[in-house]
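# Per-entry structural report
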Amino acid sequence: MAPDILAEITAMLVEIVGDEYLLAEEVTMKTTFNEDLALESVEFVALAELLHHRYGAEVDLMEFLAEKDMDAILAMSVGDLVTHIGRITHASLARSGASPAGSAG
């Protein structure tokens, strides 16, 4: 499941910042939003919108960030977000009784 989420977030980041920037650096679980990607606050808002459209209201990036202090936000990696989304989507599947078909990864 994590590789799928990482690929989706990478696609969202390409949409937000442009592929010419991201082609220079591969996005991995360790890529940080602040230091590696230099995401601006307006780009975080755009990412939050894309996440909402893709995963629904349960994946609320602004709420996720609100739970962190400034140092944690500045150090946050793509992997932190992937893990967060994975937990939420897994919990949502468990509540609905659906089986996560094809989620062997």
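Above this text you will find the structure in question.
Rules behind the numbers
Residues numbered from 1 in each chain as written. Predicted model: local features only at pLDDT ≥ 70, side-chain atom pairs only at ≥ 80, totals over all residues. Heavy atoms only, no water. Phe/Tyr/Trp six-rings, centres within 6.5 Å; stacked < 30°, edge-to-face > 60°. Helix = DSSP H or I, 4+ residues; strand = E, 2+ residues; numbered from the N terminus. Buried < 20%, exposed > 50% of the residue type's maximum accessible area, 1.4 Å probe, protein only. Lys NZ or Arg CZ within 6 Å of the ring centre and 35° of its normal. Axes fitted to C-alpha atoms, helices over the stretch in contact; angles between N-to-C directions. Parallel < 35°, antiparallel > 145°, perpendicular 65-115°, else oblique. Left-handed = near helix turned anticlockwise from the far one by under 90°. Contact = heavy atoms within 4.5 Å. Nonpolar A, V, L, I, M, F, W, Y, C, P; charged D, E, K, R; others polar. Expected span 1.5 Å × (residues − 1).

### Focus: the packing of aromatic side chains
The final tally for this structure, using the stated rule, is 1 aromatic pair. Ring centres of Phe 33 and Phe 44 lie 5.4 Å apart, and the angle between their planes is 50 degrees; on these two criteria the pair is classed as tilted. Within this pair, whereas Phe 33 is found in the loop between helix H2 (19-22) and helix H3 (41-55), its partner Phe 44 is found in helix H3, the two being separated by 11 residues in sequence. Judged by relative accessible area, which is 0%, Phe 33 ranks as buried. When its relative accessible area of 12% is taken as the criterion, Phe 44 is described as buried. Positioned over the ring face of Tyr 55 is Arg 54, at 4.6 Å from the centre of the ring.

### As for the packing of helix H1 (residues 2-17) against helix H6 (residues 78-96)
Contact geometry for H1 and H6: axes closest at 9 Å, N-to-C directions at 120 degrees. In terms of axis orientation, H1 runs oblique to H6. The handedness of the crossing between H1 and H6 is right-handed. Along the contact surface, H1 presents Ala 2, Ile 5, Leu 6, Ile 9 and Leu 13, while H6 presents Val 78, Leu 81, Val 82, Ile 85, Gly 86 and Thr 89. Here the residues of the contact of H1 with H6 are counted per class, giving 9 nonpolar, 2 polar and no charged.

### A few points about H6
In this model H6 runs 27 Å from its N-terminal to its C-terminal C-alpha over 19 residues, within 8% of the 27 Å that 1.5 Å per residue would give. Residues of H6 that are buried: Val 78, Gly 79, Leu 81, Val 82, His 84, Ile 85, Gly 86, Ile 88 and Thr 89. In this structure, the buried side of H6 is in contact with H1, H3 and helix H4 (61-66).

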